[in-house]
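The residues making up each chain are set out below.
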Amino acid sequence: MYKEVSQNLLQFLKKSPTAFHAVENMRQELLNNGYKELLESEHWQIEYNQKYFVTRNQTSIIAFHTGQPLSNYSFHIVSSHSDSPTFKIKENAELQVSDKYMKLNVEPYGGMLCATWFDKPLSVAGRVLVKEDNQFIPKLLNFDRDLVLIPNVAIHMNRSVNDGYAYNQQIDMLPLFGGSDSKAGDFKKLIAQELNVNVEDIYGCDLYLYNRSEPSIWGLNEEFISSGRIDDLQCAYTSLQAFLKGHNDQNINVFACFDNEEVGSQSKQGAGSTMLFDVLKRINMSLNKTEEDFYCALASSFMVSADNAHAVHPNHPELTDAKNCVYMNEGIVIKSHAGQKYTSDATSVAIFKSICENADVPVQFFANRSDKLGGSTLGNIAMSQVSMNSVDIGLPQLAMHSSYETAGLKDSYYMIQALTEFYNSHIQEENHILKVTK
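Notes on the structure follow. (Residues numbered from 1 in each chain as written. Predicted model: local features only at pLDDT ≥ 70, side-chain atom pairs only at ≥ 80, totals over all residues. Heavy atoms only, no water.)

Structural notes on the sheet that holds strand β20 (residues 405-408)
Move 1: Read from one edge of the open sheet, five strands run β11-β12-β20-β19-β15, paired in mixed fashion. On the outer flanks of this sheet lie β11 (216-218) and β15 (309-310), each paired with one strand and no other.
Move 2: As defined by bridge partners, strand β19 (residues 396-398) adjoins β20 across two bridges and the pair is classed as antiparallel. Counted as the bridge partner of Leu398 is Thr406 from β20.
Move 3: On the sheet, helix α4 (residues 230-245) packs against β12 (224-227), β19 and β20 and is oriented at approximately 35° with respect to β20. (Pairing = 2+ DSSP bridges. Helix = DSSP H or I, 4+ residues; strand = E, 2+ residues; numbered from the N terminus. Contact = heavy atoms within 4.5 Å. Axes fitted to C-alpha atoms, helices over the stretch in contact; angles between N-to-C directions.)

This is the structure:
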């Protein structure tokens, strides 16, 4: 069962080279499971015991399943993010070198481990806006072949590289695209050929590099998985599977996957946008609930912010806290931080720990070393727009923000089991006391 879940995850990762593709794959899975697509620009007609979803910018998606018409209801939300650190191709993409090479001009998206991008088979994928009559049609693009590569400088020319090197993003990280036969305009021509459109009809591009190294299951007992974009598509995929399996008539179950977490979430489609609040408020209005009903519902609602965590590194265990540290294949991670980089508090930790116990899923606890500044995630950012009880969780992994990351074979299964239990449960607040029922 563990291996089958991981194999399905790796297939999803392979088909999702960008946030555009990840959200489109999730969109198709929701449609295949009977969910109806809503548009933010149209009036919503929502009914009880029905299934819906909405996207924004093709890179963020929120799905929900309405329950029974009750006087008291709440939202059960799992949120994750669709983006990963990479390199975005600039509008004027081509850079010629002595009429012998053609490079692509790129800029960093998010905080990546630069060294992991060298000497790898890379390709290009994303979204292209094509003009058809007076319409601008978005088309997904994935060349799905080894197209570019970022070559290392030979050690003979950089003898001190193994002693530490500061990569210059404008010089060192530009991928090689063509040789002496390449000409100005070839990149746009290649895009047009792939999409079967005219070059002059291409009006806009959001294109990114991605590592084409095959996802793999490996280790002495096949206990590890490796792929690009494990952070955070592992959480996005597993939470979607749990969402499709779970149901509770007393809740409105919500699946949310936001873009732009890796660059701060402050975009129209990020967790810092009004997207989550807009969707929840429109659900409430369409079900003929009052504004007072809405705020009562939020008070009893619960969000799980799912974004991966740092496993203990086999070569550097000293980088993690001595006790609040986590390992791959040993269960879901609950993350806490005194400075509120994570949303977890005693109340939300207790609730989620209970849910994991009911699902027979092991739990681990993570906190950064007190002398190291850790990363943040989307939970607290989302809570600035719509506040409710929330816990930050994740799955343990190595080499976070590498172009090829590693996680545990068993943990995706654990996440699906725990989040299915969450979606099957009802959390209600009475007199400042939260209780979990079925």
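Let's talk about the pairing of strand β6 (residues 101-109)
Move 1: Here eight bridges tie strand β5 (residues 86-97) to β6, and the two strands are oriented antiparallel to one another. Within β6, the position partnered with Gln96 by the bridge is Met102.
Move 2: In terms of strand pairing, β6 meets strand β9 (residues 176-178) through two bridges, oriented antiparallel. Across the sheet, residue Met102 finds its bridge partner in β9, namely Gly178.

What to know about the sheet that holds strand β14 (residues 302-306)
Move 1: Read from one edge to the other, the open sheet built from nine strands follows the order β1-β2-β3-β13-β4-β14-β18-β16-β17, with strand pairing classed as mixed. Either end of the sheet is taken by a strand with one partner, and the two such strands are β1 (36-38) and β17 (363-366). With direction set aside, neighbouring strand axes in the sheet form an average angle of 25°.
Move 2: Examined bridge by bridge, strand β16 (residues 332-335) and β17 share four bridges and lie parallel to one another. Within β17, the residue paired with Ile332 across the bridge is Val363.
Move 3: Each of β14, β16, β17 and β18 (389-394) touches helix α7 (residues 346-358); the most contacted strand, β18, lies at about 60° to it.
Move 4: Taken strand by strand, helix α9 (residues 411-424) contacts β4 (74-81), β13 (251-258), β14, β16 and β18, and its axis lies near 155° from that of β4.

Concerning the pattern of salt bridges
Move 1: Applying the stated criterion across every chain yields a total of 15 salt bridges.
Move 2: The shortest N-O distance in the salt bridge between Arg56 and Glu40 comes to 2.6 Å. Of this pair, Arg56 sits in strand β2 (residues 51-56) while Glu40 is found in the loop between β1 and β2, placing the two residues 16 residues apart along the sequence.
Move 3: The buried category is assigned to Arg56, whose relative accessible area is 12%.
Move 4: Across the salt bridge formed by Lys139 and Glu132, the nearest N and O atoms sit 3.6 Å from each other.
Move 5: A residue is classified by how much of its surface remains accessible, and Lys139, at 25% relative accessible area, is partly exposed.
Move 6: One continuous salt-bridge network, built from bridges that share partners, spans Glu24, Arg27 and Glu37. (Salt bridge = Lys/Arg side-chain N within 4 Å of Asp/Glu carboxyl O. Buried < 20%, exposed > 50% of the residue type's maximum accessible area, 1.4 Å probe, protein only.)

Examining the packing of aromatic side chains
Move 1: Under the counting rule described, the total for this entry stands at 22 aromatic pairs.
Move 2: Ring geometry for Tyr2 against Tyr413: centres 5.1 Å apart, planes inclined by 90°, an arrangement best described as edge-to-face. You can see Tyr2 sitting in helix α1 (residues 2-14) and its partner Tyr413 sitting in helix α9, a full 411 residues away along the chain.
Move 3: An angle of 80° between the planes, with centres 5.7 Å apart, marks the rings of Phe277 and Phe294 as edge-to-face. Of the two residues, Phe277 is situated in helix α5 (residues 275-286) and Phe294 in helix α6 (residues 291-299); the sequence distance between them amounts to 17 residues.
Move 4: With relative accessibility at 23%, the residue Phe277 sits in the partly exposed group.
Move 5: According to the relative accessible area criterion, Phe294 is buried, its value standing at 0%.
Move 6: Cluster of aromatic residues (ring-pair linked, three or more members): Tyr35, Phe243, Phe255, Phe302, Phe422 and Tyr423.
Move 7: Its guanidinium or amino end placed over the ring of Tyr208, Lys88 lies 5.9 Å from that ring's centre, counting from NZ or CZ.
Move 8: We note Arg282 situated over the ring of Trp44; from NZ or CZ to the ring centre the distance is 4.1 Å. (Phe/Tyr/Trp six-rings, centres within 6.5 Å; stacked < 30°, edge-to-face > 60°. Lys NZ or Arg CZ within 6 Å of the ring centre and 35° of its normal.)

In short, geometric facts, not functional conclusions.
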